Amino acid sequence: QAQFVESGGGLVQVGGSLRLSCAASERLFSILAMGWYRQAPGKQRELVASIPAGGTTNYADSVKGRFTISRDNARRTVDLQTTSLKPEDTANYYCNLNPPRTSSWGQGTQVTVSS
């Protein structure tokens, strides 16, 4: 069963950047569609970026042009490069399959953008 460990979050000023990384334990990682999700306090978790096993990436309108998702199948990692961060990007960020598997949610990594 796929398990994910997220890292790379932190406190950053408006306009800053962070690179989030997700390590997967799933040996079939290379054939899995993956996504980065985020959940802000009091809000529902949302999909911000997705990357299939092969094909094009997709982004939520709120992050398009600022975030880039990528994967390294040999290392079983999926990264999210965030740039031009805004206060509304503050959230706990998670990776999971796309669509997500309930039992595979990790602890996430907190991103806090200060103005």
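Predicted model, so just to flag it, every value in this text is computed and none were measured.

Asks: I keep staring at the sheet that holds strand E2 (residues 10-13) and nothing clicks. Help me out?
Replies: Whenever strands of a sheet pair, they do so through backbone hydrogen bonds, lying parallel or antiparallel. Across the sheet, which stays open at both edges, the six strands sit in the order E2-E10-E9-E4-E5-E6 with mixed pairing between neighbours. If you trace the sheet from one side to the other, it starts and ends with E2 and strand E6 (58-59), each paired once. Pairing geometry for strand E9 (residues 91-97) and strand E10 (residues 109-114), over three bridges, is antiparallel. Bridge assignment links Ala-91 to a residue of E10, and that residue is Val-111.

Asks: Is there a simple way to think about the sheet that holds strand E7 (residues 67-72) in this case?
Replies: Read across the open sheet, the four strands follow the order E1-E3-E8-E7; overall the sheet is antiparallel. Edge positions in the sheet fall to strand E1 (4-7) and E7, since each of these pairs with one other strand and no more. Averaged over all pairs of adjacent strands, the angle between their axes in this sheet comes to 15 degrees, without regard to strand direction.

Asks: Please clarify how the state of the cysteines should be interpreted in this entry.
Replies: Here a disulfide denotes one covalent bond, and it connects the sulfur atoms of two cysteines. Using the criterion set out here, one finds one disulfide in the structure. Shown here is the disulfide that connects Cys-22 with Cys-95, its sulfur atoms set 1.8 Å apart. What sets the handedness of the Cys-22 and Cys-95 disulfide is the S-S torsion sign, and at about 50 degrees it is right-handed. You can see Cys-22 sitting in strand E3 (residues 18-24) and its partner Cys-95 sitting in strand E9, a full 73 residues away along the chain. Here Cys-22 matches Cys-95 in class, with each residue buried.

Asks: What should I look at first to understand the pairing of E10 in this one?
Replies: Side-chain positions along a regular strand alternate between the two faces of the sheet. Burial of E10 is one-sided: the residues Thr-109, Val-111 and Val-113 facing one way are buried, the residues Gln-110, Thr-112 and Ser-114 facing the other way are not. When E2 meets E10, the two strands line up parallel, connected through four bridges. Counterpart to Val-12 in the pairing with E10 is Val-113.

Asks: I'm lost on the environment of Ala-74 in this one. Help?
Replies: Take Ala-74: it is sitting in the loop between E7 and strand E8 (77-82). Taking the C-alpha atoms as reference points, Ala-74 and Val-113, 39 residues apart in sequence, are found 32 Å from one another.

Asks: I would appreciate a short explanation of the side chain of Ser-50 in the present structure.
Replies: Within the secondary structure, Ser-50 is located in strand E5 (residues 46-51). Residue contacts for Ser-50: discarding those within four places in its chain leaves Met-34, Gly-35, Thr-57, Asn-58, Ile-69 and Asn-98.

Asks: When you look at the environment of Cys-95 in this model, what are you seeing that I'm missing?
Replies: Classification of Cys-95 by relative accessible area gives buried; the value is 0%. It is 7.4 Å that separates the C-alpha atoms of Cys-95 and Gly-108, two residues lying 13 residues apart in sequence. Once residues lying within four places of it in the same chain are set aside, the contact partners of Cys-95 are Phe-4, Glu-6, Cys-22, Gly-35, Trp-36, Val-78 and Trp-105.

Rules of the game
- Residue indices begin from 1 for each chain and proceed along its sequence in written order.
- Local features in a predicted model are, by the rule used here, given only for residues with pLDDT of at least 70; side-chain atom pairs are given and counted only at 80 or more, and totals for whole chains, interfaces and linings are based on all residues.
- Values reported for side chains reflect all heavy atoms of the structure, with hydrogen atoms and water molecules removed beforehand.
- Strands were regarded as paired on the criterion that DSSP finds at least two bridges between them.
- Per the convention used, a helix needs a DSSP run of H or I reaching at least four residues, while a strand needs a run of E reaching at least two, with both numbered from the N terminus.
- Angles run from 0 to 180 degrees between N-to-C directions of axes, and those axes are lines fitted to C-alpha atoms, restricted for helices to the stretch in contact.
- Pairs of cysteine sulfur atoms within 2.5 Å are identified as disulfides in what follows.
- Relative accessibility decides the category of a residue: with a 1.4 Å probe and only protein chains considered, values under 20% of the type maximum give buried, values over 50% give exposed, and everything between is partly exposed.
- Residue contacts are defined here by distance: any two heavy atoms, one from each residue, within 4.5 Å place the two residues in contact.

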